Structures are given as C-alpha cells and as structure tokens.
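One-letter residues, chain by chain:
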There are 2 protein chains.
Amino acid sequence: MTATNKQVILKDYVNGFPKESNFDFKTNIVEFKVPGGSNSVLVKNLYLSCDPYMRMRMGKPDPSTAALAQAYAPGQPIFGYGVSRVIESGHPDYKKGDLLWGIVGWEEYSVITPMTHMHFKIQHTDVPLSYYAGLLGMPGMTAYAGFYEVCSPKKGETVYVSAASGAVGQLVGQLAKMMGCYVVGSAGSKEKVDLLKTKFGFDDAFNYKEEPDLSAALKRCFPEGIDIYFENVGGKMLDAVILNMRPHGRIAACGMISQYNLKNPEGIYGLSLITYKRIRIQGFNCFDYFDKYSEFLEFVVPYIREGKITYVEDVADGIESAPAALVGLFHGKNVGKQLVVVSPS
Amino acid sequence: MTATNKQVILKDYVNGFPKESNFDFKTNIVEFKVPGGSNSVLVKNLYLSCDPYMRMRMGKPDPSTAALAQAYAPGQPIFGYGVSRVIESGHPDYKKGDLLWGIVGWEEYSVITPMTHMHFKIQHTDVPLSYYAGLLGMPGMTAYAGFYEVCSPKKGETVYVSAASGAVGQLVGQLAKMMGCYVVGSAGSKEKVDLLKTKFGFDDAFNYKEEPDLSAALKRCFPEGIDIYFENVGGKMLDAVILNMRPHGRIAACGMISQYNLKNPEGIYGLSLITYKRIRIQGFNCFDYFDKYSEFLEFVVPYIREGKITYVEDVADGIESAPAALVGLFHGKNVGKQLVVVSPS
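As the structure is a computational prediction, the values presented were derived from the model and not from experiment. (Residues numbered from 1 in each chain as written. Chains lettered and ligands numbered in written order. Predicted model: local features only at pLDDT ≥ 70, side-chain atom pairs only at ≥ 80, totals over all residues. Heavy atoms only, no water.)

1. A look at the packing of aromatic side chains
The description of an aromatic ring pair uses the distance of the two centres, along with the angle that the planes make with each other.
In step 1: Following the criterion strictly, the structure yields 48 aromatic pairs over all chains and no others.
In step 2: Between A:Trp101 and A:Phe290 the ring centres are 6.1 Å apart and the planes differ by 65°, which places this aromatic pair in the edge-to-face class. With A:Trp101 in strand β5 (residues 99–105) and A:Phe290 in the loop between β13 (280–283) and α7 (293–305), the pair connects residues that are 189 residues apart, well separated along the chain. Neither A:Trp101 nor A:Phe290 differs from the other in exposure class; each is buried.
In step 3: Between A:Tyr144 and A:Phe299, the ring centres sit 5.5 Å apart and the planes meet at 45°, which makes this aromatic pair tilted. Residue A:Tyr144 is located in helix α1 (residues 138–150), and its partner A:Phe299 is located in helix α7; the two are separated by 155 residues in the primary sequence.
In step 4: For A:Phe299, a relative accessible area of 22% puts it in the partly exposed group.
In step 5: Its end group placed over the ring of B:Phe25, B:Lys6 keeps NZ or CZ at 5.7 Å from the ring centre. (Phe/Tyr/Trp six-rings, centres within 6.5 Å; stacked < 30°, edge-to-face > 60°. Helix = DSSP H or I, 4+ residues; strand = E, 2+ residues; numbered from the N terminus. Buried < 20%, exposed > 50% of the residue type's maximum accessible area, 1.4 Å probe, protein only. Lys NZ or Arg CZ within 6 Å of the ring centre and 35° of its normal.)

2. Side note on helix α7 (residues 293–305) of chain B
Residue and element names in this part refer to chain B.
In step 1: An ideal rise of 1.5 Å per residue puts 18 Å on 13 residues; α7 measures up with 18 Å between its terminal C-alpha atoms.
In step 2: If you check which residues of α7 are buried, you get Tyr293, Phe296, Leu297, Val300, Val301 and Ile304.
In step 3: The elements touched by buried residues of α7 are β5 (99–105), β7 (119–121), α1 (138–150) and α2 (169–178).
In step 4: Looking one or two places after α7, you find Gly307, whose phi comes out positive at around 75°. (Expected span 1.5 Å × (residues − 1). Contact = heavy atoms within 4.5 Å.)

3. Points about the relation of the copies chain A and chain B
In step 1: It takes a turn of 180° to lay chain A on chain B, together with a shift of 0.0 Å along the axis; the resulting RMSD is 0.0 Å. What the rotation and shift describe, once combined, is the action of a two-fold rotation axis. For chain A, the minimum C-alpha distance to the rotation axis belongs to A:Gly267 and amounts to 2.1 Å. (Least-squares fit on C-alpha atoms with pLDDT ≥ 70 in both.)

4. Focus: the environment of A:Val41
Residues and elements named next belong to chain A.
In step 1: Here Val41 shows up in strand β3 (residues 41–49).
In step 2: Along the backbone, Val41 and Ile309 are 268 residues apart, and their C-alpha atoms lie at a distance of 33 Å.
In step 3: Among residues more than four places away in sequence, those in contact with Val41 are Val34, Val86, Glu88, Ser89, His91, Tyr94, Ser110, Val111, Ile112 and Pro114.

5. Focus on the environment of A:Val168
All names here are of chain A.
In step 1: Checked against the element boundaries, Val168 lands in the loop between β8 (158–161) and α2 (169–178).
In step 2: The spatial distance from the C-alpha of Val168 to the C-alpha of Val341 is 19 Å, given a sequence separation of 173 residues.
In step 3: Ignoring sequence-local partners within four residues, the contact set of Val168 consists of Pro139, Thr142, Ala143, Phe230 and Cys254.

6. A word on the interface of chain A and chain B
In step 1: Taken together, the contact between chain A and chain B spans 35 residues of the former and 35 residues of the latter.
In step 2: When the two sides are added together, the surface that chain A and chain B hide from each other amounts to roughly 3100 Å², 62% of it contributed by carbon and sulfur.
In step 3: At the boundary of chain A with chain B, the tally comes to two salt bridges.
In step 4: In this structure, A:Arg278 and B:Asp288 form a salt bridge, with 2.8 Å as the shortest nitrogen-oxygen distance.
In step 5: Across the contact surface, chain A and chain B share eleven residue pairs in polar contact (both at pLDDT 80 or more).
In step 6: Going through the elements one at a time, α5 (236–244), β12 (245–253), α6 (273–277) and β13 of chain A are the ones with two or more residues in the side of chain A that touches chain B.
In step 7: A total of five residues in the side of chain A that touches chain B trace back to one element, the largest contributor, which is α6(A).
In step 8: Split by residue class, the side of chain A that touches chain B holds 20 nonpolar, ten polar and five charged.
In step 9: Relative to strand β13 (residues 280–283) of chain B, β13(A) runs antiparallel, the two sharing three bridges. (Buried area = accessible area lost by both parts, 1.4 Å probe. Salt bridge = Lys/Arg side-chain N within 4 Å of Asp/Glu carboxyl O. Polar contact = N/O pair within 3.5 Å; in protein donor to acceptor, adjacent residues only side chain to side chain. Nonpolar A, V, L, I, M, F, W, Y, C, P; charged D, E, K, R; others polar. Pairing = 2+ DSSP bridges.)

Okay, structure coming up:
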C-alpha cells in the first residue's frame, strides 16, 4: 500500500524574519512498510508543533551554535515535535496503531527511528491528543523543568512571565499560582492579556506593546520587585526586568524570541546589576530534564482531568497552512500554543 | 590622650572615572577613649584596602541599587575594608592591642561598633598582617566562595579569569590550578601577564589591551571552549566569553569593573546564546558567604605557610597617597592587590 506524502521544505537559509516564501511543498510517494531488520517506524503525523526554537535551525549553520541546534537543510523537509500514529513498525516497543510524540518531519508520513528522549509512547488518551504537542510534550516539560528545577520557587515569591500566553508561559503561570506565588504575565494583545487574567489565573497582566516604559510597567506590577523571571523574550524586556529584580532573584532563560530574527541583537545594558543583586540567570532547555518526563505526567495529568490546569491552543488546519502558522509565531499571531493539525486521526 | 586624625573625604558625588580631585583631606582630634557603656572600639588603622566595589558608593544614590550599596556622603570620610589595632575597647570581645579587620573609615583612627560579618578578630599573626586586607580578607573570601560555591568546578575543566592579577583573580587562578583545571588569565600589561604565568602558575595568559579581537584570543587559548568564567570586568569581554563558553558553562559574576565609570554601559549582545548553551550566570558577593570564613582560614593559612599559595600586593605609603591609589585601580595601575599602609604598627 502507498500514499502521497506532502512535505514542507526549507527553500534556503533564512535571514531576518522567516516568511512563507522561505518554504515550499514537495510531494513524494510513501510505501507502507519499513526496511526489514531495521528499528524504523512508519508514522502518520497528526499534529505538528510550531516552536520558536525552530528559527535557530533555519539560519546558516554557525560554528558557535551548530553543535547545539542542528540546522535544517535547504531542499529538505524541516522537522520538529509532533504527535503521530504508527502505521508500520520494525521497532520492538511500537506496534501498529500506537500513538507517540517526538521529533518527526513536517510531512504527512515520516519514517523515524525511535530514540530515548526524542520519542515518547503516548499512554494516556483520555486527554486531548493535541496536548502531546504542547502541554504534555516539549513545551509542557519545559515549563515544568524550568519552573521547578531552574527557578527555585518558594511560596509567596513574585513571578513574572513574558510571552505568558504562549505554549510554555501559560503553564508556568498556572504552576506558579499553584505554588502560592504572585504571578504577572505580559503578552502582545488585549485578547492575550485577558486570557492570562481570566483563563489562567494570573494575578495581573499587561500588554507590552502598549507600555512605552517597560521598567515602569514592571515597577507598577511589582512595587517590591521580582523574585523570579521566566524569560521567553529577551532584549529590552530583559533589561527592564534586571532593573526590577529583587536581591537573590532568579531568571530562567527559556528563550529570547524577540532576538531570533534580528541581524544585530539588542544589547543588554544593566547586567552589572546582577552582582550587587546576586541574581542568577540560568539558560536551560528541556532536553536535560526528560528523565523527569514520567514524573511530570504523574503530576500534571490528574490536574488536567480535574480541570485545574487548562491549556489554550491555536490550531492551523492542514499541512498547507503549516508555513504560515510557523511564520506567524514570530509576529505573535498565535493565541496560545500554535499547532498544525495534519490529520485528525 | 589624644591624636590628630587625618581623614579622606569625598568632596561630591562622582560622575565617570573618579579623580584624585574628588577627594580631600580633613584633620580632627581623636580622644583615646570610647563612650562609657557602649560597645564601641577605638582602632588605629594600619592598612586600608582599595576595592573596585567602592566606586558604586561614590555615585549619587540610585533607587535601583541604593539598598544594596550604601553611598558615601559628600563631606564625610569614605569607608572600606581595613586592618586595625585596638586602642581602647568597650566591647567584650576586643581588648587593647587586639588586631581586627573589617569596615573602617578612611582615616588614621576610627571608632567602630564591631558587627558580625563586618569585623573579624585576627587570630593568625605568623602571616603578613596586610593579607587581612586582601588574601585573608574580603577579596580572598570572594575568590574562595566564588570559585568553590558559585563556579561548581570539576577537575579537568577549563577556567578563564579576567583581571586575573588583581586582588581576587590571583587567588582564583591558584585555587583552580590546585583543583586540576586548565587556567587562563587576562590582564592589562606585560608585567601582569608575566606574573600570571611565572608567579601564580596560570597555564596561559594574555594582555587584553593587545588583542584586537577578544573572542579570537579566547578561541586561541581555549580551542575547546570555556567551562568556567570568573567575571571581574564585564562589557566586551563578557560578550566574547559567551561566544566561547561550552555547554553547561558557568559564569561567576564577581564584578564588572570596566562598566563602573561609564555613563552609558556597554551592551551585551550575545546573551541569547545562554539558552542553547545552558549557561548559568550567577551574580554573587562574599557577604553571603562569611559564615564560611573560619573554614576558609583553615583551608588557606596552611597553604600560605607552606608557600603553596602566594599573593602579590601593591602597597601605597601613607594615608595621603590613598586617593591616588584608589583612583589608580580604575586605570589598572595596581600590580596585584592595592593597599594603603596608614601606619606600619
């Protein structure tokens, strides 16, 4: 049996903001069998996850980062996290019909070789399957590890989350509230700010695009200063935060999306304050914490079932819409976690 | 009994690089007795320590830092770390003739109220007394805590120290070598670079003023990258270091002397790399670690006695030379730890 397989191709390395025209589609034929004697698995991709880190892979490989962010190859399909169903399997851990999440090509069907900490078999199916591309996948794990392992949070502390309605931020805010912190988020539209306050339970929120002075906005929200900053944006926001951090504050540097598309990144000017304030800035990513994934599921799935943790998704329909969805991420077009549904089942 | 007491006065808040003309001298008469019923101690100051952090106290108090760095008052004597001998004491822990180190005025005699973690009685007098203003005082404690507590060092790691021949750097380098690290330092003259290699046992060293491309200099010294950066200077150097850090690297932000006198600090542009590289930047100061001071002495004093740890001092003679010595620090004029000897006994 065979099927046509539409793929999203990177045309050439991206400079500046990615555009839809940086991508193209290619269609090939996929045969429903895996090479004999291999560990390979043929999967049908159901959901694809659009994530800011993918921008790093679109640029020309840079010796200073190449080892850390494997670049996409022009003319080839890009890849990222997705949720998939097994069609054929040569791998002892997977059988036809199993569901998994992990790294797959941006295409309708992928042949993968499942790898530890890259692919995860889906056990709980009484929660939305798409959650495994967000809340229960890499972004959720990032929020969980970033908040509990990197931020060293304590009850009663003040927590600021930027890009707070995004895939990671919305969970960080909810985790911080559950711990008894005072939590403020920022986002780039009234709709998102409303979501933070009404849906995710943030104590306060502001639209950074309407604040001429970010430091003053933070001062208004945190008159006594910030203990924890969950950093998703970088640039001017980071400088404003450093001014408003309390002594012994912690910054979990999850990402700096405002800088990824700039030819010349913005400077951070207030860094010498971190000595007097004894601030810790910790860059991290979830890859170092996937050994805690089962623990994360045990923690979070019951809260989802009880409705105590919620998640907002922005779902683009069909692989044809994938490039626009991915590009939109860098303009803040998504409201909540940006996904592409390739096939509903 | 009385004596004249020459004091170093701050004339007015300092902008930019401090100059000798920012300071003045005043002389008063001190009576050799302490207020009855007080805990006060009258001390004769023997050595004064010139430290970069003092620049922070010379500026007009700034709400973002005032709570952390108490500003000097114009018209009043400045203060800092020193080594002193007790002349009269109303404090149960100190008697006439005792030696102590801690915060005193920049003057020949000071009346102090000894405070925990601010003043320390000197127990070991078979080592040079001046060491208590450097190697065995605040700078030494800063190096010890910064290296062992903040850098999380491991044998075989690569360590880079800036301002490496200074009060803190020279000890950090020696501690790192004792741990079995590969250690490179930078400084601002051939004389200092030679000291690093011949006196302190650094594996390599370079004069940053002769390197047109700091990142290339670091690449040459660390072809495989830097695991630990002991940060004393900030600015362009920090940016060059971030480019050369290895994954999971640690930066102990002890100080950023290159930035203290700038009206507009330099920007740090490569900070978004810390996410991919999972770099930790930790601002710290020794005040949080003084509970380990006895442990530090037990560790370091035997090495000093055996000649296994050495220390280079730059000693200015007489309180009249104190402003020039302090100002010179910000131009790198000192070779080794900058002190002022007020009185030899």
